[in-house]
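What follows is each chain in one-letter form.
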Amino acid sequence: MDAYERITRNAAEVVTEEEIEALADDPDGKRAYVGYEPSGVLHIGHMLTANKLIDLQEAGFEVTVLLADVHAYLNDKGSFEDIRHTAERMRDQFIAYGLDESNTQFVLGSDFQLDDDYTLDLHSLELETTLARAERAMAEITSGDSVKVSQAVYPLMQALDIPYLGVDLAVGGMEQRKVHMLARDVLPSIDREPPTSLHTPLIADLGTGRGKMSSSTGVTISMEDSRDDIESKVNDAYCPPTADPEPTDDGEARENPVLQVFEYHVFPRFDTVVVERPEEYGGDLEYDSYDALEAELESGELHPADAKGALAEYLDRLIAPGREQLAE
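Keep in mind it's a predicted model, so treat the numbers as computed, not measured.

Engineer: What am I meant to see in the domain arrangement of the protein here?
Structural biologist: Note on interface size: it is often stated as the accessible area lost on association of the parts. You can read the domains of the protein as domain 1 (3-200) and domain 2 (227-327). Of the residues lining the interface, 14 residues belong to domain 1; the matching set on domain 2 comes to 13 residues. Between domain 1 and domain 2, a total of about 1,200 Å² is buried, with carbon and sulfur atoms accounting for 60% of that surface. Along the contact surface separating domain 1 from domain 2 lie zero salt bridges. Along the contact surface separating domain 1 from domain 2 lie six residue pairs in polar contact (both at pLDDT 80 or more). Those elements that place two or more of their residues in the side of domain 1 that touches domain 2 are α3 (44-59) and α5 (80-97). Partitioning the side of domain 1 that touches domain 2 into residue classes produces seven nonpolar, four polar and three charged.

Below you can see the structure in the form of structure tokens.
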């Protein structure tokens, strides 16, 4: 796998293709970043972008993880003291999950976002941005019917973080796309380059296959989960014998979240996946690619129940180091 293939593996979108190709031509020493509100415990959404950061490190990139304590404060996630304690816990969990500690810089937002130059540049972006434009970008972080002024500032800070961190590539889930497009629009107004960005897919709700998996609603998987918790959640997951399920009666699209987790979490971290089965049911199945596993689920050779059993096993292997770190 060459640098371009590793950088773009499992990406839902890159902006722009030409800019990504230029980075792939000489990735050594380039810097990528992703920002997270400190929320306590890593869940499967954090792990998806972390998998991409691991890919980027293997391609030659250095990685910055922004633990966005000021953003969390603006989004009413607690006191600064509590948020910073949470950020420290998350840092240790990312290392336990597999980020190369020697090649990862962890930065608190408050390390630079309270400085005079940052504040003046933020005010300059506020002058260039309509409230309607900011509202579109912040749609993924708001809750309730009332929009607070702090939430309007939030996406402009996300845009400004990119040049202040000195990164070459901004990484985020597809829910961050509007923020990155805002950054491309407004940063040139303060003589900053529009950022190159890479967006990871959204995984459907584990129980229904609809919408997206969320730590606040529905079922998710986190580093707090025991082996039994993981098995229970995966066994209850929506997993029809196809990668392309029929929509709901209301016409809402569905995905197969079990296959999505195999594709975006398991196969990027394991060269081979073994599905254990009794000899009377055909014996073990071994896959060296996601496509092979998906094809055998479609054909009926791989039963959904056996796929779930294997998924629980490999998720537990991924989560166990972080779970142990939390216990310590």
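Engineer: What is the right way to look at the packing of aromatic side chains in this model?
Structural biologist: Aromatic rings considered in pairs are described by the distance between their centres and by the relative angle of their planes. Taken as a whole and assessed by the stated rule, the structure comprises nine aromatic pairs. For the ring pair Tyr118 and Tyr164, a centre distance of 5.1 Å and an interplane angle of 70° mean the geometry is edge-to-face. With Tyr118 in helix α6 (residues 116-128) and Tyr164 in helix α8 (residues 149-165), the pair connects residues that are 46 residues apart, well separated along the chain. Of the residues examined, Tyr118 reaches a relative accessible area of 1% and is grouped as buried. Given the relative accessible area of 25%, Tyr164 is considered partly exposed. Among the aromatic residues, those joined into a ring-pair cluster are Tyr36, Phe94 and Phe106. Over the ring of Tyr164 we find Arg192, and its NZ or CZ is 5.1 Å from the ring centre. When the ring centre of Tyr97 is taken as reference, the NZ or CZ atom of Arg269 above it lies at 4.7 Å.

Engineer: Can you walk me through the side chain of His71 in this structure?
Structural biologist: You can see His71 is positioned in helix α4 (residues 69-74). His71 sits in the buried class, given a relative accessible area of 2%. His71 has contacts with Glu37, Gln113, Tyr154, Met157, Gln158 and Asp161, leaving out every residue within four places of it along the chain.

Engineer: What should I look at first to understand the pattern of salt bridges in this one?
Structural biologist: Oppositely charged side chains may form a pair once their charged atoms are brought near each other. For the structure shown, the criterion picks out 21 salt bridges. For Glu13, the salt bridge is made with Arg177, and the minimal N-O distance between the two is 2.8 Å. Placement of the pair is Glu13 in strand β1 (residues 13-15) and Arg177 in helix α9 (residues 177-186), with a sequence separation of 164 residues. For Lys52, the salt bridge is made with Asp55, and the minimal N-O distance between the two is 3.1 Å. With Lys52 and Asp55 both in helix α3, this residue pair falls three residues apart, about one helical turn. The exposure classification of Lys52 matches that of Asp55, with both residues buried. Salt bridges sharing partners connect three or more residues here, namely Arg227, Glu231, Glu313, Asp316, Arg317 and Arg323.

How each quantity is defined
Residues numbered from 1 in each chain as written. Predicted model: local features only at pLDDT ≥ 70, side-chain atom pairs only at ≥ 80, totals over all residues. Heavy atoms only, no water. Domains from an automatic or database assignment. Contact = heavy atoms within 4.5 Å. Buried area = accessible area lost by both parts, 1.4 Å probe. Salt bridge = Lys/Arg side-chain N within 4 Å of Asp/Glu carboxyl O. Polar contact = N/O pair within 3.5 Å; in protein donor to acceptor, adjacent residues only side chain to side chain. Helix = DSSP H or I, 4+ residues; strand = E, 2+ residues; numbered from the N terminus. Nonpolar A, V, L, I, M, F, W, Y, C, P; charged D, E, K, R; others polar. Phe/Tyr/Trp six-rings, centres within 6.5 Å; stacked < 30°, edge-to-face > 60°. Buried < 20%, exposed > 50% of the residue type's maximum accessible area, 1.4 Å probe, protein only. Lys NZ or Arg CZ within 6 Å of the ring centre and 35° of its normal.

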